[in-house]
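As a plain string of letters, each chain reads:
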Number of protein chains: 2
Amino acid sequence: MTAHATDRALRGTNSRTSRLDAAIAATTFDRPTLVLDLDIVEENFRALERGLDGAMIHYAVKANPAPQVIERLASIGCRFDAASRGEIELCLSMGARPEHVSFGNTIKRPADIAFAYRAGLQLFAADAEEELEKIAENAPGASVYLRVIVEPSGADWPLTRKFGCAPARVSELLSCARALGLDPRGLSFHVGSQTRKAAMWTHTLDQVAAIWDTARADGHDLDLLNIGGGFPAFHGEEVDPLETYSRDVMAQVRARFGDVAVMAEPGRGMVADSGAIAAEILLVSRKGADDLHRWVYLDVGRFSGLAETEGEAIRYQFETAHDGEESGPCILAGPSCDSVDVLYEKRPVSLPLSLRAGDRVVIRNCGAYTSSYASVGFNGFPPLDVMVI
Amino acid sequence: MTAHATDRALRGTNSRTSRLDAAIAATTFDRPTLVLDLDIVEENFRALERGLDGAMIHYAVKANPAPQVIERLASIGCRFDAASRGEIELCLSMGARPEHVSFGNTIKRPADIAFAYRAGLQLFAADAEEELEKIAENAPGASVYLRVIVEPSGADWPLTRKFGCAPARVSELLSCARALGLDPRGLSFHVGSQTRKAAMWTHTLDQVAAIWDTARADGHDLDLLNIGGGFPAFHGEEVDPLETYSRDVMAQVRARFGDVAVMAEPGRGMVADSGAIAAEILLVSRKGADDLHRWVYLDVGRFSGLAETEGEAIRYQFETAHDGEESGPCILAGPSCDSVDVLYEKRPVSLPLSLRAGDRVVIRNCGAYTSSYASVGFNGFPPLDVMVI
């Protein structure tokens with residue numbers, strides 16, 4: 001194996017992506033396009049099913065709401081986690097059964113709760129008294145789970161305190177739900193997006209188990225644990241294979257929570273590696289004669305799909321026809337007239353020196369949080385196109 | 001004048017916004033909506049025309065590409081700065097004359113340059129040799145101006161080095177343009193978005209004048225200065241009135257550059273205060289019993305229009321029916337299931353303690369960089385709606 005081949009293998013380019021590679025190679029794209037392989041999505045679902053042995057898998061629709069993805073997943077028994085009325089409607093129209101769709105946003109419009117309830121949804125998230133009141137009024141008797149705040153894990157993208165209630169408030173809110181006529185079934189948490197190793201879950205699961213035990217000791221008969229998302233994709237640093245990862249997480253869950261009902265909400269883990277963006281270089285330049293770095297401008301940027309490069313958090317992998325030739329550091333930027341539309345500057349990306357305007361760049365593992373993050377047309381550039389194979 | 005009335009006056013709520021206020025008060029909105037008053041846009045154009053005495057005013061379409069805005073501006077003689085083929089097509093379809101539209105993005109697709117040239121555009125921006133080559137090939141003989149990098153000003157949102165060439169490269173690139181058969185007419189720069197005071201332009205104009213003089217001394221017969229944008233909107237800190245501001249900037253330009261042709265590219269300054277977002281509170285909560293701050297969740301967030309709150313850079317002004325009552329600090333967040341969809345956390349916003357889910361919030365001076373920054377439908381929430389009055 002050559003150094004270049006090793007490099008490609010490490011970057012996740014392998015027989016698994018051969019259908020994607022062939023489709024991209026055979027196509028002339030007028031604009032940046034996300035190419036999705038539904039067979040990879042299905043393989044990921046199967047790997048999660050095996051690893052999470054017995055857990056209910058609710059795909060986090062927000063990661064990629066392409067109708068074809070929802071349709072394929074619904075057809076093979078996947079459940080769904082929806083963030084809004086729009087996502088609920090999408091799931092139902094693509095064949096999902098309403099009792100398999102949870103409304104996982106803790107910030108819901110009253111009218112959307114009522115819509116979901118009428119449509120047959122049975123499970124709702126909450127983290128505050130006012131939200132429980134809205135659910136009780138618009139979905140009387142519904143099942144709810146409480147989102148709790150946990151301390152940051154080692155995730156690449158640790159979450160803020162935006163979602164969840166403090167552990168000390170859990171019993172009070174469970175009682176509140178009960179008093180409002182709801183059925184408080186359990187707890188949810190989020191370990192942090194892109195949690196690369198199953199071992200990173202340990203500290204979080206310990207915290208949640210302590211909250212769970214306290215609530216049960218307070219007389220709350222919990223029977224549902226929602227372990228949320230966090231299932232990673234390869235973005236340059238090693239990650240466990242999906243099935244192994246899931247099995248290791250599930251073993252830790254069972255060791256702490258026994259035989260309770262478990263649900264999981266994989267988003268990135270389900271779809272990220274099913275997609276690659278076919279992009280193009282628009283310009284290569286140096287700002288001054290003595291500049292160390294080239295600036296490389298792509299036709300896709302932070303406002304047309306690559307929003308997760310904010311703060312350089314997610315580091316995408318780039319492939320070109322010149323890979324293996326002499327390379328050097330670049331600052332990568334998007335095509336808009338917006339000065340914040342810069343992808344990687346603090347930690348430049350190494351790309352071949354021979355790259356020129358017009359060259360194709362394939363961006364790997366872009367199936368999650370890209371097309372849905374694209375702007376309606378900032379600077380007049382259309383949003384990321386999607387092609388499904 | 002009561003303290004509250006003074007506060008409202010300071011925040012820009014006055015007779016000028018009475019049509020906006022009346023339209024918002026009279027409407028029930030199903031989702032967050034940007035309401036735009038075209039008469040305010042026209043007033044702003046007139047103020048700029050008077051202040052920038054004789055300069056060509058090219059509205060930066062990216063700030064707000066609502067067709068009605070473009071149509072009104074075209075009908076009163078405004079010119080346009082376009083960032084893409086999409087924006088050029090928009091301007092032409094709304095009645096702009098092609099020779100009044102400049103292609104100001106320094107990162108252009110070759111096919112889009114060719115399109116613009118065929119459509120009759122005559123003026124293109126560049127900051128690199130490869131870009132000049134693309135223009136020469138696809139728009140032979142066209143006029144170009146070079147974007148130069150200037151040191152950061154005191155702007156609220158200073159720009160990165162993404163655009164522009166180093167001053168030391170200017171003469172070389174002008175010669176390159178000439179050798180390629182183009183007509184290198186002058187220079188452009190950007191003082192920084194939201195430059196609140198005309199006095200903040202001084203240092204930048206000094207730098208550009210030095211570059212200009214060097215280029216002329218090198219034999220380049222420059223006759224066009226593009227002073228870009230930077231014209232501010234009121235976002236909580238005092239700004240000069242638009243006409244005064246423009247007049248002060250123009251006086252500084254004339255003092256340094258004499259009688260050259262001047263063009264300006266106001267975006268925010270033209271449209272920001274013409275628009276207000278009608279939003280709604282979805283949830284008010286405290287994470288724990290001892291939390292100092294409430295969390296207030298709106299139905300509009302970073303992915304549905306308020307992208308400029310990134311890094312808490314732009315501080316919008318919020319109005320509610322409870323203004324004047326006792327208030328306290330809040331962390332403000334958007335409705336999506338995304339942990340980065342938080343608007344103001346480091347510097348909380350003071351809002352009435354009586355606010356509840358369902359209450360309306362009017363967000364002032366949102367006419368620029370909102371609807372065009374909205375995502376295609378992140379989390380299933382539709383993009384910001386636009387209503388023109």
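Sequence order as written defines residue numbering, which begins from 1 separately in each chain. Going through the entries in the order they are written, you letter the chains from A and number the ligands from 1. Residue-level local features of this predicted model are given only where pLDDT is at least 70; pairs of side-chain atoms are given and counted only at 80 or more, and the full residue set underlies all totals for whole chains, interfaces and linings.

Attention now goes to the overall build of chain A. Elements are defined by DSSP. Helices are runs of H or I of four residues or more, strands are runs of E of two residues or more, and each kind is numbered from the N terminus. Along chain A, the regular secondary structure elements total eleven helices and 16 strands. Its C-alpha atoms give chain A principal-axis dimensions of roughly 70 × 40 × 40 Å. When each of the 389 residues of chain A is scored for burial, the buried share is 57%. Partitioning the contacts of chain A with sequence separation of at least 6, the portion at a separation of at least 24 is 73%. Three classes are used. A residue is buried when 20 or more other C-beta atoms lie within 10 Å of its own, exposed when 12 or fewer do, and partly exposed in between, with C-beta atoms placed from the backbone. Our contact criterion uses C-beta atoms placed from the backbone: two residues qualify when those atoms are within 7 Å.

Attention shifts here to the interface of chain B and chain A. Taken together, the contact pairs 59 residues of chain B with 59 residues of chain A. Those elements that place two or more of their residues in the side of chain B that touches chain A are α5 (85-93), α7 (129-138) and β10 (275-285) of chain B. Residue polarity is assigned by list, with Asp, Glu, Lys and Arg as charged and Ala, Val, Leu, Ile, Met, Phe, Trp, Tyr, Cys and Pro as nonpolar; anything else, Gly included, falls into the polar class. The residue inventory of the side of chain B that touches chain A, partitioned by class, reads 32 nonpolar, 14 polar and 13 charged.

Below, the discussion takes up helix α6 (residues 110-119) of chain A. All names here are of chain A. Those residues of α6 that sit buried are Asp112, Ile113 and Ala116. The arc that holds the buried residues of α6, viewed along the axis, is 105 degrees, so those residues lie on one side. Projecting away from the buried face of α6 at angles above 90 degrees are the exposed residues Ala111 and Arg118. Where α6 is buried, its residues meet α5 (85-93), β4 (101-103), β5 (123-126) and α7 (129-138). Here the arc refers to the set of directions running from the helix axis out to each C-beta atom.

Moving on, we come to the relation of the copies chain B and chain A. Here chain B sits on chain A after a turn of 180 degrees about the axis and a move of 0.0 Å along it, with an RMSD of 0.0 Å. On the angle and the small slide along the axis, the relation comes out as a two-fold axis. If distances are taken from each C-alpha of chain B to the rotation axis, the shortest is found for Ser375(B), at 1.9 Å. Mapped onto chain A, 100% of the interface residues of chain B again fall at the interface, so both copies present the same surface. Least squares is the method used to superpose the copies, on C-alpha atoms of residues holding a pLDDT of at least 70 in both.

One recurring pattern in soluble globular proteins: nonpolar side chains tend to sit buried together. Ranked by internal contacts, the top residues of the largest apolar core, which has 258 residues, are Cys91(A) and Cys91(B). Setting aside its immediate chain neighbours within four residues, Cys91(B) contacts Val61(B), Ile70(B), Phe80(B), Ala82(B), Ala96(B) and Val101(B). What we call a nonpolar core is a set of buried Ala, Val, Leu, Ile, Met, Phe, Trp, Tyr and Cys residues whose membership is set by joining through C-beta atoms within 7 Å.

All names here are of chain A. Side chains Arg79 and Asp81 of strand β3 (residues 79-82) all project onto a buried face; the interleaved residues Phe80 and Ala82 project onto the opposite face, where all are buried too. What makes two strands pair is DSSP finding at least two bridges between them. Two elements, strand β2 (residues 56-60) and β3, share three bridges in a ladder whose sense is parallel. Along β3, the bridge assignment pairs histidine 58 with arginine 79. Orienting the strands away from the viewer, one traces the path from the first strand over the helix to the second; a clockwise path indicates a right-handed crossover. Since β2 and β3 lie parallel, the crossover through helix α4 (residues 67-75) that links them has a hand, and here it is right-handed. Here β3 pairs with β4 via three bridges, running parallel. Looking at the pairing, phenylalanine 80 lines up with valine 101 of β4.

This next bit is on the sheet that holds strand β2 (residues 56-60) of chain B. Residue and element names in this part refer to chain B. An order of β2-β3-β4-β5-β6-β7-β8-β9 is seen for the eight strands of this closed barrel, with the pairing classed as parallel. This sheet shows a mean twist of 30 degrees between the axes of neighbouring strands, independent of strand direction. Contacts from α7 reach β5 (123-126) and β6 (143-147), with the element oriented near 155 degrees to β5. Axes here mean lines fitted to C-alpha atoms, for a helix over just the part in contact, with angles spanning 0 to 180 degrees between N-to-C directions.

Residues and elements named next belong to chain A. Even without being glycine, glutamine 194 reaches a positive phi, approximately 60 degrees. Topologically, glutamine 194 is positioned in the loop between β7 (183-188) and α9 (202-217). The backbone phi angle of tyrosine 369 is positive, close to 55 degrees, even though this residue is not glycine. Looking at the element boundaries, tyrosine 369 is found in the loop between β15 (360-364) and β16 (385-388).

Below, the discussion takes up the domain arrangement of chain A. Residues and elements named next belong to chain A. How far each domain reaches was decided by an automatic or database domain assignment. Per the domain assignment, the segments making up chain A are domain 1 (3-35 + 273-388) and domain 2 (104-266). The C-alpha centroid of domain 2 is placed 34 Å from the C-alpha centroid of domain 1. With nine residues of domain 1 at the contact, the number on the domain 2 side is seven residues. In terms of residue class, the side of domain 1 that touches domain 2 is made up of four nonpolar, three polar and two charged.

Let us look at helix α3 (residues 38-51) of chain B. All names here are of chain B. The terminal C-alpha atoms of α3, which comprises 14 residues, lie 20 Å apart, in line with the 20 Å expected from a rise of 1.5 Å per residue. All of the buried residues along α3 are Ile40, Val41, Asn44, Phe45, Leu48 and Gly51. Down the axis of α3, the sector holding all buried residues measures 145 degrees, keeping them to one side. Every helix has an expected span of 1.5 Å times one less than the residues it contains.

Quick look at the confidence of the model for chain A now. Caution applies to low-pLDDT parts of the model: their predicted coordinates are not meant to be read in detail. All names here are of chain A. pLDDT: the predictor's confidence for each residue, scored from 0 to 100. Summing up the model confidence of chain A, the mean pLDDT is 92 and the portion of residues at 70 or higher is 94%. Of the regions scoring below 50 in pLDDT, residues 1-13 engages in 13 contacts with residues more than four places distant in sequence or in other chains. What the predictor reports for the complex is a pTM of 0.92 with an ipTM of 0.90.

Here the focus is the sheet that holds strand β6 (residues 143-147) of chain A. The eight strands are arranged β2-β3-β4-β5-β6-β7-β8-β9 (chain A) in a closed barrel whose pairing can be described as parallel. Recorded for the sheet is a direction-independent mean angle of 30 degrees between the axes of neighbouring strands.

So, about the environment of Arg185(A). Residue and element names in this part refer to chain A. On the secondary structure map, arginine 185 appears in strand β7. Under the C-beta neighbour-count criterion, arginine 185 is labelled buried, with 23 such atoms within 10 Å. Between the alpha carbons of arginine 185 and phenylalanine 29 there is a distance of 49 Å; along the sequence they are 156 residues apart.

What follows is about the packing of α5(B) against helix α6 (residues 110-119) of chain B. All names here are of chain B. Between α5 and α6, the shortest axis-to-axis distance is 10 Å and the interhelical angle comes to 20 degrees. In terms of axis orientation, α5 runs roughly parallel to α6. For the pair α5 and α6, the crossing hand works out as left-handed. Residues Arg85, Ile88 and Leu92 of α5 form the contact with α6, whose participating residues are Asp112, Phe115, Ala116 and Ala119. Across the contact of α5 with α6, the residue classes break down as five nonpolar, no polar and two charged. Comment on the angle field: the value is read as roughly parallel under 35 degrees, roughly antiparallel over 145, roughly perpendicular from 65 to 115, and oblique elsewhere. In this scheme the crossing of two helices becomes right-handed for a clockwise turn of the near helix relative to the far one and left-handed for an anticlockwise turn of less than a right angle.

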